[in-house]
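Spelled out, the chains give:
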Amino acid sequence: MTAQHVNAAQPIVTRFAPSPTGHLHVGGARTAMLCWAFAQNMKRQGFDGRFMIRIEDTDQARSSDESAKGILDDLAWLGITWDDGPTLTTPAGATIGGDSRNVGPYFQARRIDIYNAYLEHLVRCGRAYPAFETSDQLNADRKAAEAKKQTYKYPRPSDVQLGIFNEQRWARAKSGEPHVIRFVMPPTGITVTDLVLGEVKFAAGEVDDFVIRKQDGFPTYHFAVVIDDELMGVTHVMRAQEHLINTPKHVALQGALTRLKNDRDATSGSNGQPFRVPQYAHMPLIFNIDGTKMSKRDKAKAARKALKDLLTKDKTLTADAIASDLKLDAKLLADFIAAENDSLDIAQAVAAKFNIPLPEIEVWDYRKSGYLPHAITNFLSLLGWSPGLKDEQGKDIEKFDLSFLSQHFSIDRLGKTAAKFDRVKLLSFNADAIAALADDAFDRELTNWANQWEPTFAQRLKHIDGQRRAALMRACKPRCKTLRDAVKVMDFALTRDDQVAFDPAAVAKANLFAGATGHTSVTKFRAMLTELPAAGTFEPTSIDAWIKSYAETNQLKMGDVAQPIRVALTGTTVSPPLGDVVSVLGISGSLTRLDRCLSTCRTLAPASA
Ligand code: GLU
């Protein structure tokens, strides 16, 4: 960041301004993290860098406090903390946020009187006016323009003039006539100066007289964002490029607004101080690997495709029967299948019913799937930004933590072109992050995760402790790319020794029937185990070595010996190395399993029938 971009005398404030209409999208997390990194980097340089969160909840129908809380919680989980904004107490008991600069409240719905004061002031200065067209009228006009292949622009009424207070319209509005407030767009072009994209010019007439207060009395996003960025001292607006189209509106509003002497009272008059234009930095969009835009709709797409495949394959299934089974409105489900709606609720209900994996889009999805926060932040840091540093081998440095990011972040290194969200790379980052954990740290992460997302698994895991637990973590960690993988990988150890179910197909494949080679190997293995000292005092590798030598002596392939033993110990054909399995189960647990398998196989064996 070069010196001309900051003024050392004032706090350098960047903000993340989510609309609380759902979970935190990974793109939003990327924005928040880079804003945070910028503020942190300013602090490191000795400036008063601040990262602020503002909740943009002016769309009352779609916003909820629950969603706002979820977004804050996801940010804190990722390790992104904020200096100013709503307060949150973390599970560890720390408090994040607060209003030390005294510029809150940070929920826009609690700032309506502030917006109204500035709106009235604009109206009185002839820079805004009430408009009374109904939405039916506007829709008809829009359709007519579209039919003529024209882009619809709201035509300024002939009685409205820039800089002249329209008292008649104001009186109609005041008397309660339904209306919106529109901004009088100045007749000049607008140039947005962007720290990433350079100068972006918007021609005069490109933007019409847009709405700044809706009929429900709430400001539009454009108006609230401009008022708040000014009043909250925001100096750097860093957001995704999809907002670039909005920025000329914001710059035009900044040009028309001056500070009031009292922010909540239009009659206090202006104090003459014009609104500042913050520094803008529009960050590259994030696309799916196939080049489509990454959005929450991808979940609906995945569920729809799987559901259509199911309906084609299984002729006994009908959409109506599924709707009634899932207590969904039949018409809504039919529309969903026909891609007339992308309801997330339907996508999730259908996915849960038919076990359809949905793509992870939100931070919450990744938490549920068992990703580690630092793997996610590391991966997201590289979407549209890179440190541009090489390691000792001359390779680009790609693996780093949030502290490294804040040390090296600069807006200058943000890219211009869309970034691709490579899920395979994220998974490999996560696998590496899990592999890098010490066994006890892996245990802690897994236990916390399981308590939240898989309580039944957590409950089963509790029964394993001491050396067996340490052995379980050591054996399974390398086999988990996500924490969720542990549910399957550890299953063998969590089943009671006297309840392991032996899959008959695996039994047959492993030649476990009485008298077959597998059966003999298990019998010999059992005899060897009885001679071993107690679990924890033997070397797991000695067991693997025994298997190798037994195979050699009897001229068998390793797999022909190991697989039957594996099936006998775990009930399945996939598990960690057998030495580790025995360490986890203990000698006596292992013997119980082997004996059960041998006797089960006797009854299963065709020869004994
Ligand atoms: N509430 C807007 C959003 O969620 C914020 C945009 C901005 O940063 O100005 O996209």
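Being a predicted model, the structure only gives us computed values, none of them experimental. (Residues numbered from 1 in each chain as written. Predicted model: local features only at pLDDT ≥ 70, side-chain atom pairs only at ≥ 80, totals over all residues. Heavy atoms only, no water.)

**Student:** Would you mind going over helix H3 (residues 112-124) with me for this structure?
**Tutor:** The α-helix winds at 3.6 residues per turn, so residues separated by three or four positions along the chain end up facing the same way. Taking 1.5 Å of rise per residue, the 13 residues of H3 would be expected to cover 18 Å, and the 18 Å separating its terminal C-alpha atoms lies within 8% of that figure. With ten of 13 residues buried, H3 lies mostly within the body of the structure. Taken from the residues just after H3, glycine 126 is the one with a positive phi, measuring 75°. (Helix = DSSP H or I, 4+ residues; strand = E, 2+ residues; numbered from the N terminus. Expected span 1.5 Å × (residues − 1). Buried < 20%, exposed > 50% of the residue type's maximum accessible area, 1.4 Å probe, protein only.)

**Student:** Sorry if this is basic, but what is going on with the packing of helix H16 (residues 439-453) against helix H18 (residues 466-476) here?
**Tutor:** When two helices pack together, their arrangement is given by the angle between their axes and by how far apart the axes lie. Where H16 meets H18, the closest approach of the two axes is 9 Å, and the angle between their N-to-C directions is 90°. In this view, H16 runs roughly perpendicular relative to H18, as classed from their interaxial angle. Each of Asp439, Phe442, Asp443, Leu446 and Thr447 in H16 lies in contact with H18, whose residues at this interface are Arg469, Met473 and Arg474. (Axes fitted to C-alpha atoms, helices over the stretch in contact; angles between N-to-C directions. Parallel < 35°, antiparallel > 145°, perpendicular 65-115°, else oblique. Contact = heavy atoms within 4.5 Å.)

**Student:** Is there a simple way to explain the pattern of salt bridges in this structure?
**Tutor:** If charged atoms from side chains of opposite charge come close, those side chains can pair. Counted under the stated rule, the structure contains 42 salt bridges. With a shortest N-O distance of 3.6 Å, aspartate 59 and arginine 62 are connected by a salt bridge. Overall, aspartate 59 belongs to the partly exposed group, its relative accessible area being 30%. Using a relative accessible area of 55% as the deciding quantity, one classes arginine 62 as exposed. For aspartate 84, the salt bridge goes to arginine 101, with nearest N and O atoms at 2.9 Å. With aspartate 84 in the loop between helix H2 (65-78) and strand S3 (85-89) and arginine 101 in the loop between strand S4 (95-98) and H3, this residue pair connects regions lying 17 residues apart in the sequence. According to the relative accessible area criterion, aspartate 84 is buried, its value standing at 0%. (Salt bridge = Lys/Arg side-chain N within 4 Å of Asp/Glu carboxyl O.)

**Student:** I keep staring at the nonpolar core and nothing clicks. Help me out?
**Tutor:** Buried together is how nonpolar side chains tend to be arranged in soluble globular proteins. Within the largest apolar cluster, 61 residues are counted, with the highest numbers of intra-cluster contacts made by Leu446, Met490 and Phe525. The element that contributes the greatest number of residues to this core is helix H25 (residues 578-604), accounting for eleven residues. Excluding residues that lie within four positions of it along the chain, phenylalanine 525 makes contacts with Ile543, Trp546, Ile547, Ile565, Leu569, Val582 and Leu594. (Core = buried A, V, L, I, M, F, W, Y, C linked by side-chain atoms within 4.5 Å.)

**Student:** Which parts of the structure should I look at to understand the site of the ligand?
**Tutor:** Taken together, Arg15, Ala17, Ser19, Glu56, Tyr221, Val225, Arg239 and His243 make up the full set of residues near the ligand. At a separation of 2.6 Å, a nitrogen atom of the ligand approaches a polar side-chain atom of glutamate 56. In the model, an oxygen atom of the ligand is placed 2.9 Å from a nitrogen or oxygen of the histidine 243 side chain. Protein burial of the ligand: of its 300 Å² of free accessible surface, 79% is covered by the chains. Here the shell around the ligand is composed, by residue class, of three nonpolar, two polar and three charged. (Near = heavy atom within 4 Å. Polar contact = N/O pair within 3.5 Å; in protein donor to acceptor, adjacent residues only side chain to side chain. Areas by Shrake-Rupley, 256 points an atom, 1.4 Å probe, with all protein chains shown as cover. Nonpolar A, V, L, I, M, F, W, Y, C, P; charged D, E, K, R; others polar.)

**Student:** Which parts of the structure should I look at to understand the packing of aromatic side chains?
**Tutor:** Each aromatic ring pair is described using two quantities: the centre-to-centre distance and the angle formed by the ring planes. Applying the stated criterion across every chain yields a total of twelve aromatic pairs. Relative to tyrosine 550, the ring of tryptophan 546 lies with its centre 5.0 Å away and its plane at 15°, an arrangement referred to as stacked. Pair noted here: tryptophan 546 and tyrosine 550 are both in helix H23 (residues 540-553), with a separation of four residues, about one helical turn. Taken together, the ring pairs in this structure connect Tyr366, Tyr371, Phe379, Phe421 and Phe429 into an aromatic cluster. When the ring centre of phenylalanine 336 is taken as reference, the NZ or CZ atom of arginine 304 above it lies at 4.9 Å. (Phe/Tyr/Trp six-rings, centres within 6.5 Å; stacked < 30°, edge-to-face > 60°. Lys NZ or Arg CZ within 6 Å of the ring centre and 35° of its normal.)

**Student:** So what exactly am I meant to see when it comes to the state of the cysteines here?
**Tutor:** Between two cysteines, a covalent bond joining their sulfur atoms is known as a disulfide. Following the criterion strictly, the structure yields zero disulfides and no others. The thiol of cysteine 480 is unpaired, and the distance to the nearest cysteine sulfur, on cysteine 476, comes to 6.1 Å. The structure places no disulfide on cysteine 601, whose sulfur is separated from the nearest cysteine sulfur, that of cysteine 597, by 3.7 Å. (Disulfide = S-S within 2.5 Å.)

**Student:** It is not clear to me how the sheet that holds strand S5 (residues 128-131) should be interpreted in this structure. Could you clarify?
**Tutor:** As a general point, the strands of a sheet are linked pairwise by backbone hydrogen bonds and lie either parallel or antiparallel. Taken together, the three strands give an open sheet; going across it, the order is S5-S6-S9, and neighbouring strands pair in antiparallel fashion. Each edge of the open sheet carries a strand with a single partner, namely S5 and strand S9 (211-213). The sheet shows a mean angle of 45° between the axes of neighbouring strands, direction not considered. (Pairing = 2+ DSSP bridges.)

**Student:** Explanation requested: empty space enclosed by the protein in the structure shown.
**Tutor:** Unfilled space is identified by rolling a water-sized probe across the atoms. Tallied over the entire structure, the rule returns two cavities of 30 Å³ or more. The wall of the largest cavity is formed by Met185, Pro186, Thr188, Gly189, Ile190, Phe202, Ala203, Ala204, Gly205, Glu206 and Val207. For the lining of the largest cavity, the residue count by class is seven nonpolar, three polar and one charged. Estimated volume of the second largest cavity: approximately 30 Å³. Every residue lining the second largest cavity is listed: Val226, Asp229, Glu230, Val234, Gln254, Arg276 and Pro278. It is helix H6 (residues 221-231) that provides the largest number of residues to the lining of the second largest cavity, a total of three residues. Of the residues that constitute the lining of the second largest cavity, the class distribution is three nonpolar, one polar and three charged. (1 Å grid on protein atoms, 1.4 Å probe; cavity = no way out; pocket = protein on both sides within 12 Å on 5 of 7 lines; lining within 4 Å. Points joined across faces, edges and corners; volume = space filled by probe spheres on them.)

**Student:** Can you help me understand the side chain of histidine 25 in this one?
**Tutor:** Secondary-structure assignment places histidine 25 in the loop between strand S1 (12-16) and helix H1 (26-44). In this structure histidine 25 comes out as buried when scored by relative accessible area, which is 19%. A distance of 2.7 Å separates a polar atom in the side chain of histidine 25 from the backbone nitrogen of glycine 27. Ignoring sequence-local partners within four residues, the contact set of histidine 25 consists of Met294, Ser295, Lys296, Ile361, Glu362 and Val363.

**Student:** Help me understand the environment of arginine 62 in this model?
**Tutor:** Take arginine 62: it is sitting in the loop between strand S2 (49-53) and H2. In sequence terms arginine 62 and threonine 21 are 41 residues apart; their C-alpha atoms lie 5.3 Å from each other. If sequence neighbours within four positions are ignored, arginine 62 has contacts with Pro20 and Thr21.

**Student:** I tried to follow the packing of H3 against H6 on my own but got confused; where do I start?
**Tutor:** Close contact between H3 and H6 brings their axes to 10 Å; oriented N to C, the two are set at 105°. As the angle between them shows, H3 and H6 are arranged roughly perpendicular. Residues Ile114, Tyr115, Tyr118, Leu119 and Leu122 of H3 touch H6, and the partners they reach there are Phe223, Ala224, Ile227, Asp228 and Leu231. Its residues assigned to classes, the contact of H3 with H6 shows nine nonpolar, no polar and one charged.

**Student:** Sorry, what's going on with H16 here?
**Tutor:** The end-to-end C-alpha distance of H16 is 21 Å, a good match for the 21 Å that 15 residues give at a rise of 1.5 Å each. Looking at H16, one finds that the buried residues are Ala441, Phe442, Asp443, Leu446, Trp449, Ala450 and Trp453.

**Student:** Is there a simple way to think about the environment of alanine 281 in this case?
**Tutor:** Note on placement: alanine 281 falls in strand S13 (residues 279-283). Since its relative accessible area comes to 1%, alanine 281 is described here as buried.

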